[in-house]
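# Observations on chain architecture
Here are the chains, one letter per residue:
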Amino acid sequence: MRLRSGVFASSCLLVEVLGVALFLRGFFPVPVRSLPRREARGDPPAEPAPPGPGMVSNWTKIPPPLFKKVVVVLIDALRDDFVFGSKGEQFMPYTKQVIEKGTSYSFIAEAKPPTVTMPRIKALMTGSIPGFIDVIVNLNSPALLDDNLIWQAKTAGKRIIFYGDDTWVKLFPKHFVEYDGTTSFFVSDFTEEEASLPNLLVVCGDHGMSETGSHGGSSAGEVHTPLLFISSAFEKRSGPLTQPERVQQTDLASTLAVGLGLPISRNSVGNLILPVVGGRTMREQLRFVHLNGFQLSRLLQENTPAYEKDPGYEHFKIAEKSHANWIKLYLEGNNSEILLNLGKKVLKQYLEALKTLSSSLSRQVAQYDMYSMMVGTVIIMEVLLLLFLSIPKALSSRAEFEVPLSLPLFSLLFYLVCLMLCAVHVIVCTSAESLCYFCSMSWFTAVGVMMLISALMCGILSAIAKIFENSRLPVKNPVVSSSGWSEIDVLILAGTVGHVLSLGASSFVEEEHQTWYFLINTLCLVLCQDLCRNNFLLKEYDPQHSTNVKQNFGEASEYKNMDIPAADNSKLGKTISSAEFIRGSDKWISLASPWIILICCRLLRSLNQTGVQWAHRPDFGHWLTSSEHKSELSFLAAVSLLMIFFLVQRRCSLVSKIAMALGLLGVYSYRAAIGNVIFPWQHDSKDISKGITEARFVYVFVLGIVFTGTKDLLKSQVISSDSSVKSTGLWEVYSGLVLLAALLFRPHNLPVLVFCLLIQTMMTKYIWRPLKFDAAQITIMHYWFGQAFFYFQGNSNGIATVDVSAGFVGLESYVEIPAIFFTAFATYAGPVLWAIHLLCYLSSEVSRNSAAVGHGCFCYALMRSLPVAVYIVLVTGLRYHLFIWSVFSPKLLYEGVHVFITATICLFFTAMDHNHSHKVQD
């Protein structure tokens, strides 16, 4: 079966998407879960029965509540040193006074990454540890269906009132009898009743903040939050203030459940904070810790097959026996010191069991599904190896090759490998102690994946055999054989390898933008050298040499269908390039182009500080977005939109030009409506709106331009000889995406779009065409600049830099599919626009071989597959690294999404390369 390069690359990327998805599912742990919430309520366990006949404990219900009312004050991003440190006296003096002299207990609650709001609320209310993947769900907060404290309180008839962030309203819909999720609240006075039970005030934070003012990672400032319990039930503090004890954030749910007389949430992995109930009788304290231990042991049983061998479970059973002996003495009326000492001993045993059980359950959240990860890794590495082995054929003049599917030897090997993999699958799935995601799939799906792995392996062996077979044959076309490597080739190879190797270091991942800035700057310098050589080398030629050049050009005309690499350093290609270029009138502009591009890149670096180390430094974007510089931002946005129209409209049809102009005007109107910019006649005091009408006005023109381009592309598929129609259609699709990016970008980021278009225009006219680079080299340059512009937008490898607001442009409420698309497009606009521009450029170059688009698609897929495959191997080896959740895991999510986007782009490339088979000559 013959496959074109584009079809082959797209197929490989689709398979790679499957491998990446399987790896991500195994890498990101799934939190431990108990029964569904509707089945969660049941009879509480009875007090341990004392040994001996005739003795029965009469405590079989949940103990009565300790507090009548509980008020939880949750302060977003409250760090522990804002309360307990020197900053507490400055910013929270009353709270600091209550801690030092009041009736309170103080703790430092440790939060688990990711330190963002929604997962932390889940941890506080359920006592469970949310998975890292919850950071993605944080973009939209669905209703919390797990057993939780709010649901237990509502079921028990408690009145729950809420004021604050509407994330709580989304997580707990219909749970509050009164709530205000949008506005602040002010309390002028209050009255306190002579209640039978004391009240409890809890002051805490959901997560902290780093020194740079961000959050989401695992630094000390981000994970340490204050936790205060204030109640008249506690003894007044006396003596010097000691360092607060450290507890887990998940401990709050268990403590509040006991305090309110509610069942502990079944998914909770937290421990009871004993000092809060330390004023109760010994029997009550033992009953509280017994309930907590029973809940944890039951959760362990439901998630661990060999739970009986767990040290925490063993300790809990020992504590239960000691507890039964204590109850026997208690029921016999023994009030001696022996009873007290035994009670303390039992309490200590329970606390050790709780700590061990909680640790065992928490570790399960960090356990990796290694089997699913390995299967995904094998698929990804096979795809990468197949791409590497296919380079000679895929980048040949025909850009297609024969894929053997029915060789007898490989057919036998295929079935043998399938059989072996199925046997391994059975062994792993029947012997694994914990459930694997891949094992939970149906046998039909699992066998399909095994067949895919076997087919890829056979394809790899076939390609290797073909290479050995061809190595024994004589070279047919020695005239076009490469004579060496150019500086561009060396830079491309060194830059690609260097970037891939840098992904193994956390600092390089955090500051990856520096790598891409360095690479594109170095590329500009090498391009400058090439331009100088090609412009001034012609002076050394004599008339006789020129004659030889013409003769050589005539001899080479028979190879006009081949996309001859400029990297060959052949005298022929370089001299012809110089001769054509020297006749132009844009010589000096061409020589200045790399330096202009360097200046543009330097300005873009000053627009948005990104990364970690220098993210806190002021940049031009912060200056523009400050309220006192709204006029300057408005002027810059207006000029940027005019420049976008000037740079884009040159190849559009008249209808698309009009639509583009109106659309860009609508972009400015939208930003003015929501208060980002102002019109010259508009005052700052004008009321702002959501700008829904203006944004939808722009969407109409985006769809219109894209529809016009798509119509031209469909027409070009019918009239295959008319390449101008196809070129115009591609450019109009590209223009529609530029208009969409202008709408979704923040106003201060519009210069990023302008410089993107400007650099593309300059490189097309003054660098790529004169220097006659081949499709592979131009593709890699597009890829590099696309990666650099990803960071020029202000993005980083941290989740916190994702501009979630782009997903709500023109929407009255959250709508999942449009919100995901807009957010993803706004985040990856740089790589996407450079990739589509690559397709426009390769399709418009009529002098190129018709296989250029296939070459570009293949190189683009290879450039994306290499870092993903290597990074997955590195992350697997670094899965227990200190920064795995704060640095490496967010980058892994970015890489996974980027693979999916690249696969979509390559499918578009393949669709546009539909007529390739009709143009390639035998």
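Residues numbered from 1 in each chain as written. Predicted model: local features only at pLDDT ≥ 70, side-chain atom pairs only at ≥ 80, totals over all residues. Heavy atoms only, no water.

With that settled, consider the overall build of the protein. Scanning the protein from terminus to terminus reveals 35 helices and 9 strands. Every one of the 922 residues in the protein was classed for burial, and the buried ones make up 52%. Intrachain contacts of the protein at a sequence separation of at least 6 include 79% that bridge at least 24 residues. In the structure as shown, the protein presents an accessible area of about 42,900 Å², 62% of it carried by carbon and sulfur atoms. (Helix = DSSP H or I, 4+ residues; strand = E, 2+ residues; numbered from the N terminus. Buried < 20%, exposed > 50% of the residue type's maximum accessible area, 1.4 Å probe, protein only. Contact = heavy atoms within 4.5 Å. Areas by Shrake-Rupley, 256 points an atom, 1.4 Å probe, with all protein chains shown as cover.)

Think of an α-helix as 3.6 residues a turn; residues three or four steps apart then line up on the same face. Given a rise of 1.5 Å per residue, 19 residues ought to cover 27 Å, and the 27 Å separating the end C-alpha atoms of helix α25 (residues 630–648) matches this to within 8%. The complete set of buried residues in α25 reads Leu-633, Ser-634, Ala-637, Ser-640, Leu-641, Ile-644, Leu-647 and Val-648. Viewed end-on, α25 has its buried residues packed into an arc of 160°, placing them on one side of the element. Along α25, the residues that are exposed and aim more than 90 degrees away from the buried face are Phe-635, Leu-642 and Phe-646. On its buried side, α25 packs onto α24 (620–625), α26 (654–673), α28 (723–744) and α29 (750–771). (Expected span 1.5 Å × (residues − 1). Arc of directions from axis to C-beta.)

Attention now goes to the packing of helix α1 (residues 5–27) against helix α34 (residues 884–912). Close contact between α1 and α34 brings their axes to 9 Å; oriented N to C, the two are set at 155°. In terms of orientation, α1 lies roughly antiparallel with respect to α34. Relative to α34, α1 is oriented so that their crossing is left-handed. Residues Gly-6, Val-7, Ser-10, Leu-13, Leu-14, Glu-16, Val-17, Val-20, Phe-23, Leu-24 and Phe-27 of α1 lie in contact with α34, whose contacting residues are Ile-884, Trp-885, Ser-889, Leu-892, Gly-896, Val-899, Phe-900, Thr-902, Ala-903, Cys-906, Leu-907 and Thr-910. Among the residues forming the contact of α1 with α34, the class breakdown is 16 nonpolar, 6 polar and 1 charged. (Axes fitted to C-alpha atoms, helices over the stretch in contact; angles between N-to-C directions. Parallel < 35°, antiparallel > 145°, perpendicular 65-115°, else oblique. Left-handed = near helix turned anticlockwise from the far one by under 90°. Nonpolar A, V, L, I, M, F, W, Y, C, P; charged D, E, K, R; others polar.)

Our next topic: the pattern of salt bridges. Charged atoms that come close allow side chains of opposite charge to pair. Counted according to the given criterion, the structure contains 12 salt bridges. The closest approach of N and O atoms between Lys-891 and Glu-895, which form a salt bridge, is 2.7 Å. Of this pair, Lys-891 and Glu-895 both sit in helix α34, 4 residues apart, roughly one helical turn. Because the salt bridges share partners, they merge into one network encompassing Glu-512, Arg-864, Lys-891 and Glu-895. (Salt bridge = Lys/Arg side-chain N within 4 Å of Asp/Glu carboxyl O.)

Here Lys-891 falls in the buried class, since its relative accessible area comes to 3%. In this structure the side chain of Lys-891 is engaged in a polar contact, spanning 2.7 Å, whose partner is the side chain of Glu-512. With residues up to four places along the chain from it excluded, the contact list for Lys-891 reads Leu-503, Val-509, Glu-512, Tyr-791, Asn-797 and Tyr-871. (Polar contact = N/O pair within 3.5 Å; in protein donor to acceptor, adjacent residues only side chain to side chain.)

Moving on, we get to the packing of aromatic side chains. Scanning all chains against the criterion turns up 36 aromatic pairs. On the basis of an interplanar angle of 80° and a centroid distance of 6.2 Å, the ring pair of Phe-67 and Phe-234 is categorised as edge-to-face. Taken together, the residues span a long stretch of sequence, with Phe-67 in the loop between α1 and β2 (70–75) and Phe-234 in the loop between β7 (224–230) and β8 (245–248) at a distance of 167 residues. Here the two residues Phe-67 and Phe-234 agree in accessibility, since each one is buried. Each ring, one from Phe-316 and one from Tyr-350, has its centre 6.0 Å from the other, and the planes form 50°; the classification is tilted. Of this pair, Phe-316 sits in helix α11 (residues 311–331) while Tyr-350 is found in helix α12 (residues 337–365), placing the two residues 34 residues apart along the sequence. We note that Phe-316, like Tyr-350, is buried. Taken together, the ring pairs in this structure connect Trp-516, Tyr-783, Trp-784, Tyr-860 and Phe-909 into an aromatic cluster. Between the NZ or CZ atom of Lys-587 and the centre of the ring of Trp-588, over which it lies, the distance is 5.1 Å. (Phe/Tyr/Trp six-rings, centres within 6.5 Å; stacked < 30°, edge-to-face > 60°. Lys NZ or Arg CZ within 6 Å of the ring centre and 35° of its normal.)

With that settled, the discussion passes to the environment of Asp-76. Following the sequence through the fold, Asp-76 ends up in the loop between β2 and α2 (86–91). Considered as a pair, Asp-76 and His-207 are 131 residues apart in the sequence and their alpha carbons are 6.8 Å apart. With residues near it in sequence (within four places) discarded, Asp-76 still touches Thr-117, Asp-206 and His-207.

The next thing to look at is the confidence of the model for the protein. Taken as a whole, the protein shows an average pLDDT of 83; of its residues, 84% reach a score of 70 or greater. By mean pLDDT, the top-scoring element of the protein is helix α30 (residues 775–792) (95), and the lowest-scoring one is helix α21 (residues 543–555) (35). The model gives residues 183–193 a pLDDT under 50, and that stretch makes 2 contacts with residues more than four places away or in other chains. Low pLDDT, under 50, characterises residues 916–922; the stretch is placed with 13 contacts to residues that sit more than four places away or in other chains. (pLDDT = per-residue confidence, 0-100.)

For the coordinates displayed, the defined rule picks out 1 disulfide. Paired by a disulfide, Cys-429 and Cys-439 hold their sulfur atoms 2.0 Å apart. Here the disulfide of Cys-429 and Cys-439 is left-handed, its torsion about the S-S bond being about -85°. Separated by 10 residues along the polypeptide, Cys-429 in helix α15 (residues 408–431) and Cys-439 in helix α16 (residues 437–440) bring together distant segments of the chain. Not engaged in a disulfide, the cysteine Cys-418 finds its nearest cysteine sulfur in Cys-422; these two sulfurs lie 6.2 Å apart. (Disulfide = S-S within 2.5 Å.)

This part covers the sheet that holds β8. Spatially, 5 strands are ordered β2-β6-β7-β3-β8 in an open sheet, and the strand pairing comes out mixed. The sheet is open, and its two borders are formed by β2 and β8, each paired with just one other strand. Adjacent strand axes in the sheet meet at a mean angle of 25°, parallel and antiparallel pairs treated alike. (Pairing = 2+ DSSP bridges.)

Another aspect to go through is the nonpolar core. If you look at the biggest cluster of nonpolar residues, it comprises 169 residues, and the most contacted ones within it are Phe-27, Ile-644, Trp-784 and Phe-785. Discounting chain neighbours no more than four positions away, the residues touching Ile-644 are Leu-664, Val-738, Ala-742, Leu-753, Val-754 and Leu-757. (Core = buried A, V, L, I, M, F, W, Y, C linked by side-chain atoms within 4.5 Å.)

Attention now moves to the environment of His-629. Note that His-629 resides in the loop between α24 and α25. When the C-alpha atoms of His-629 and Val-677 are compared, they prove to be 9.8 Å apart, with 48 residues separating the residues in sequence. If sequence neighbours within four positions are ignored, His-629 has contacts with Trp-623 and Leu-624.

So, about a nonpolar patch on the surface. A cluster of nonpolar side chains, namely Trp-485, Val-490, Leu-493, Val-497 and Leu-501, defines an oily patch on the protein surface of about 530 Å² accessible area. Counting through the fold element by element, Leu-501 comes out in helix α18 (residues 487–502). Overall, Leu-501 belongs to the exposed group, its relative accessible area being 64%. (Patch = residues over 30% accessible without salt bridge, like charges linked within 9 Å, V, L, I, M, F, W, Y side chains within 5 Å.)

Here we take up the packing of α18 against α30. Contact pair α18 / α30: the axes reach a minimum separation of 11 Å and the direction vectors enclose 45°. Taken as axis vectors, α18 and α30 run oblique relative to one another. The way α18 lies across α30 gives a crossing that is left-handed. For the pair α18 and α30, contact is made by Ile-488, Asp-489, Leu-491, Ile-492, Gly-495 and Thr-496 and by Gln-777, Ile-780, Met-781 and Trp-784, respectively. Among the residues forming the contact of α18 with α30, the class breakdown is 6 nonpolar, 3 polar and 1 charged.

This brings us to unusual backbone geometry. Its identity as a non-glycine residue notwithstanding, Ala-77 has a phi of 60°, on the positive side. By secondary structure assignment, the location of Ala-77 is in the loop between β2 and α2. Classification of Ala-77 by relative accessible area gives buried; the value is 15%. Look at Lys-174: it is not a glycine, yet its phi comes out positive at around 65°. Along the chain, the position of Lys-174 falls in the loop between α7 (167–171) and β5 (178–180). Residue Lys-174 is classed as exposed on the basis of its relative accessible area of 78%.

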